[in-house]
Every structure is written in C-alpha cells, then in structure tokens.
Amino acid sequence: MDYVVRSPMNRPDVAEVRYDCECGCKPRARYERGSDEPAHEQCCCGRIHFVGTDALQQLEAFVQQERPGETYSLSVQQVTAPWGDEIPVAFGLPQEPHHH
Ligand SMILES: [Zn+2]
Ligand SMILES: [Zn+2]
C-alpha cells in the first residue's frame, strides 16, 4: 500500500496518512505525535486504516467489535512520520467490499 504522509499546515506534530482508495476516496487519518491512541479512518468501501501506537492490535479489536461476522485481512507496515520516527500503519481489507 502506498501511503502519503504529511503534516497539516502549522501542525508539525501531526502525521496525516492517506492513500488513494480503489473506490475513489482518499481516506486520511491524523495521528498526533506521542499519542497512546492510534488514529483511524474507515472508507465507504469497508477498508480501514489505523495509524500510530498499537495500530495493528487496535485495528483487530475494532474489526471484531464493529464488523462482526465479516472477514478482514489485516496487515501492517511502517511509514516515516514528518518528525522522522517510524510509525506503524495497519490496514484492514474486507473480503467482501462494501457498496454504497
Ligand atoms: Zn469511497
Ligand atoms: Zn474505499
């Protein structure tokens, strides 16, 4: 997955992580540097990404709670935050895409 990582204007301690989704949306999640809580965004097509601390574990818990009965394949990769640290980005892909 190709992510674009940048800081919003005048917010150097925020990492905005977005990607170009196949459905045409550009889901973006904003993670604040040092936060214990990952940021996340759900796309209309069912894809979900989590950015920051414990991203994969939090995504897993989220899918179990919010998408019961659905099968997701989960993956995680590191991206470089604007402040130079590596931060995890977890991605959840539903087996059945959502339609809208
Ligand atoms: Zn969409
Ligand atoms: Zn989408």
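Going by the structure above, here's the rest.
If you're wondering where the values come from, they're calculated on a predicted model, not measured in any experiment. (Residues numbered from 1 in each chain as written. Chains lettered and ligands numbered in written order. Predicted model: local features only at pLDDT ≥ 70, side-chain atom pairs only at ≥ 80, totals over all residues.)

**With respect to the overall build of the protein**
- The secondary structure content of the protein amounts to one helix and seven strands.
- Counted from the first residue to the last, the protein has its helices and strands arranged as β-β-β-β-β-α-β-β.
- For the protein, whose C-alpha radius of gyration is 13 Å, the value lies close to the compact-globule estimate of 13 Å for 100 residues.
- Overall, the protein is about 40 × 25 × 20 Å in size when its C-alpha atoms are taken along their principal axes.
- By residue count, 23% of the 100 residues in the protein fall in the buried class.
- When contacts within the protein are restricted to residue pairs at least 6 apart in sequence, those whose partners lie at least 24 apart make up 35%. (Helix = DSSP H or I, 4+ residues; strand = E, 2+ residues; numbered from the N terminus. Rg over C-alpha atoms; globule rule 2.2 N^0.38 Å. Buried ≥ 20, exposed ≤ 12 C-beta atoms within 10 Å, placed from the backbone. Contact = placed C-beta atoms within 7 Å.)

**Quick look at unusual backbone geometry**
- Positive phi, normally seen in glycine, also occurs at Asn10, with a value near 65°.
- Mapped onto the elements of the fold, Asn10 is located in the loop between strand E1 (4-6) and strand E2 (14-18).
- Phi at Asp54 takes a positive value of approximately 55°, unusual for a residue other than glycine.
- As for its position among the elements, Asp54 is in the loop between strand E5 (48-51) and helix H1 (55-66).
- Classification of Asp54 as partly exposed rests on a count of 15 C-beta atoms within 10 Å.

**Here's the deal with the sheet that holds strand E6 (residues 72-80)**
- Strand order in this open sheet of four strands is E4-E5-E7-E6, and the pairing throughout is antiparallel. Each edge of the open sheet carries a strand with a single partner, namely strand E4 (39-42) and E6. The sheet shows a mean angle of 15° between the axes of neighbouring strands, direction not considered.
- Sheet analysis places E4 next to E5, joined by four bridges and oriented antiparallel. Directly across from Ala39, in E5, lies its bridge partner Val51.
- Sheet strands touched by H1: E4, E5, E6 and strand E7 (86-94). Its angle to E7, the strand with the most contacts, is close to 25°. (Pairing = 2+ DSSP bridges. Axes fitted to C-alpha atoms, helices over the stretch in contact; angles between N-to-C directions.)

Bear in mind that shape data such as this cannot, by itself, settle questions of function.
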